[in-house]
Amino acid sequence: MKLTTKALIAAALLAGVAGTSNAAEAGWYIGAGVGAAQTTIDIQRDTNYKEDKNTTNYKVFGGYQFNKNWALELQYADLGTYKRTNGNSSFELKTNVVSLSGVGMLPLADHFSLLGKIGVAAQNGKTTSRGIYTGTDGTNTALLLGAGAEYNFTKSVAVRAEYERIGSSNLKNNLLTVGLRYSF
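Structure report, in brief. (Residues numbered from 1 in each chain as written. Predicted model: local features only at pLDDT ≥ 70, side-chain atom pairs only at ≥ 80, totals over all residues. Heavy atoms only, no water.)

## Considering the overall build of the protein chain
Note the following rule: Under the DSSP-based scheme used, a helix requires at least four consecutive residues in state H or I and a strand at least two consecutive residues in state E, with every element numbered from the N terminus. Burial classes: relative accessible area under 20% of the type maximum marks a residue as buried, over 50% as exposed, and values in between as partly exposed (1.4 Å probe, protein chains only). Here, residues are in contact when the closest pair of their heavy atoms is within 4.5 Å.
Secondary structure summary: the protein chain contains one helix and nine strands in total. When the elements of the protein chain are put in sequence order from the N terminus, they spell out α-β-β-β-β-β-β-β-β-β. Scored against the burial criterion, the 184 residues of the protein chain give a buried share of 42%. When contacts within the protein chain are restricted to residue pairs at least 6 apart in sequence, those whose partners lie at least 24 apart make up 62%.

Next comes the structure, spelled out in structure tokens:
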């Protein structure tokens, strides 16, 4: 297990034993975010290529917070389009992700918490290719790991910043997002 995985699991476990009384209460929540996505794909056909792997992403999420330290979250993220060209050959991959994650929260101050996230994701890809590249549409199942921070403006409204890594053997996505969460 890599060091990053161990650190995220440890942060999630620590969130279960520490906290303050001003963290968000139990209940349902929804949210949305926008940010940057980077896609890495394993194509081993050539070495002289141009690649555009950085795109803007957006996501929507919702879940149930069981207590100030634990939540279960469902998320949809559109990761944009990865592009690769070599002369007259081109390859495009449009990716979106649906994931289910456990979220551990570590309240540090009155309105501020750290987040750790671990879950399973379905990476859905649609390809367009010509020339030396070939591609097929499909879905990969992958591990999702994330870390972030959340600041609660009120008991209902919070701002969240997150880094998430979603990866399978041949397709990896890195997301950096900022968004709002509304609890009800």
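## A short note on a nonpolar patch on the surface
Note the threshold: Like charges are joined within 9 Å and nonpolar side chains (Val, Leu, Ile, Met, Phe, Trp, Tyr) within 5 Å, but only among residues with over 30% relative accessible area and no salt bridge; these make up the patches. Values of accessible area rely on a 1.4 Å probe in the Shrake-Rupley scheme; residue burial ignores everything except the protein chains shown. Salt bridges are counted wherever a side-chain nitrogen of Lys or Arg sits within 4 Å of a carboxyl oxygen of Asp or Glu.
Residues Trp28, Ile30, Leu108, Phe112, Leu114, Tyr151, Phe153, Val157, Leu180, Tyr182 and Phe184 make up a contiguous nonpolar surface patch of about 1100 Å² in total accessible area. Contributions of two or more residues to the nonpolar patch are made by β1 (27-41), β6 (112-130) and β9 (171-183). By the secondary structure assignment, Trp28 is in strand β1.

## Comments concerning the pairing of β9
Applied cut-off: Strands qualify as paired when DSSP identifies two bridges or more between them.
Alignment of β1 against β9, held across 13 bridges, turns out to be antiparallel. Residue pairing in the sheet places Gly33 in a bridge with Gly179 of β9. Looking at chain direction, strand β8 (residues 157-167) and β9 are connected through eleven bridges and run antiparallel. Directly across from Val159, in β9, lies its bridge partner Leu180.

## Observations regarding the pattern of salt bridges
Applying the stated criterion across every chain, the model contains nine salt bridges. For the salt bridge of Lys59 with Glu162, the shortest nitrogen-to-oxygen distance reads 2.5 Å. Residue Lys59 is located in strand β3 (residues 54-65), and its partner Glu162 is located in strand β8; the two are separated by 103 residues in the primary sequence. On the basis of relative accessible area, Glu162 is assigned to the buried category, the value being 5%. For Lys117, the salt bridge is made with Glu162, and the minimal N-O distance between the two is 2.9 Å. Here Lys117, found in strand β6, pairs with Glu162, found in strand β8; they are 45 residues apart in sequence, far enough to count as distant. With relative accessibility at 4%, the residue Lys117 sits in the buried group.

## Some points on the pairing of β1
For β1 and β3, the ladder comprises twelve bridges, and the chain directions are antiparallel. The residue of β3 that forms the bridge with Tyr29 is Gly63.

## Here's the deal with the packing of aromatic side chains
Here is the rule: The aromatic pairing rule takes the rings of Phe, Tyr and Trp, using the six-membered ring of Trp, and pairs them if the centres are within 6.5 Å, calling planes under 30 degrees apart stacked, those over 60 edge-to-face and the rest tilted.
Under the counting rule described, the total for this entry stands at five aromatic pairs. Relative to Tyr64, the ring of Trp28 lies with its centre 4.9 Å away and its plane at 65°, an arrangement referred to as edge-to-face. Pair noted here: Trp28 is in strand β1 and Tyr64 is in strand β3, with a separation of 36 residues, a long-range link. Among the residues examined, Trp28 registers a relative accessible area of 53% and is labelled exposed.

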